[in-house]
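Fold and geometry: a report
So the chains spell out like this:
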Amino acid sequence: MCKEDISLFEGVLQALQQEDVIAYPTEAVFGLGCDPDSEKAVNALLALKQRPWQKGLILIAANYEQLLPYIDDSQLDETQRATLFASWPGPVTWVIPARETTPRWLTGHFDSLAVRVSDHPLVQQLCTYYGKPLVSTSANLSGLEPCRTEEEVRKQLGTELAVLSGLVGGRLNPSEIRDALTGERYRQG
């Protein structure tokens, strides 16, 4: 990575290290994110988003290996794993059994966790530079339309939020959500 590449990420990386919430472009909309291992950061994100913790959250990653500390990969068979890998990187979020050590502030009332390996180049770089996945939920207040531009993020969520500048991908809809064990679709993409 060259110095100018990482300079774009310095503000959001610093905010993540300080347990703050950030916004960044994803495949369809801007996402709100934070360090998944920081209960303080996740609570701040939930308060900003006005979202109940019980719903659980999505983790977004640069690669499958980043997700392994949070999911119980041993519960997937080779066919299920192959199905995941065939859709990643990409806009499909898979619900996978969580490890017993995965915090409730991520899983909510569930024994599983929603995860995605993104194909958005800025998300890929951000998770690579940070060295782990990020919490990812659409950047909007509960009940309002998700933000698709940096300007909309600032208008809806305030100017204090660290925002990774960039464009969202060309998708119109948020990611599809499916159950990794059964294949059941929870949300159409």
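Just above, that's the structure.
Since the structure is predicted, the reported quantities are computational estimates derived from the model, not experimental observations.

With respect to the pairing of strand β2 (residues 30–33)
Alternating positions in β2 separate into two faces, Phe 30 and Leu 32 on one and Gly 31 and Gly 33 on the other, with burial throughout. Alignment of strand β1 (residues 22–25) against β2, held across 4 bridges, turns out to be antiparallel. Bridging across to β2, Pro 25 finds its partner in Phe 30. If you look at the hairpin formed by β1 and β2, you'll find 4 residues sitting between the two strands. Sheet analysis places β2 next to strand β6 (residues 134–138), joined by 2 bridges and oriented antiparallel.

Some words on the side chain of Ser 87
Following the sequence through the fold, Ser 87 ends up in helix α4 (residues 78–87). Overall, the relative accessible area of 18% leaves Ser 87 in the buried class. A distance of 2.8 Å separates the side chain of Ser 87 from the side chain of Trp 94, its partner in a polar contact. Those residues in contact with Ser 87, other than ones at most four positions away along the chain, are Val 92 and Trp 94.

Cut-off values and rules
Residues numbered from 1 in each chain as written. Predicted model: local features only at pLDDT ≥ 70, side-chain atom pairs only at ≥ 80, totals over all residues. Heavy atoms only, no water. Buried < 20%, exposed > 50% of the residue type's maximum accessible area, 1.4 Å probe, protein only. Helix = DSSP H or I, 4+ residues; strand = E, 2+ residues; numbered from the N terminus. Pairing = 2+ DSSP bridges. Polar contact = N/O pair within 3.5 Å; in protein donor to acceptor, adjacent residues only side chain to side chain. Contact = heavy atoms within 4.5 Å.

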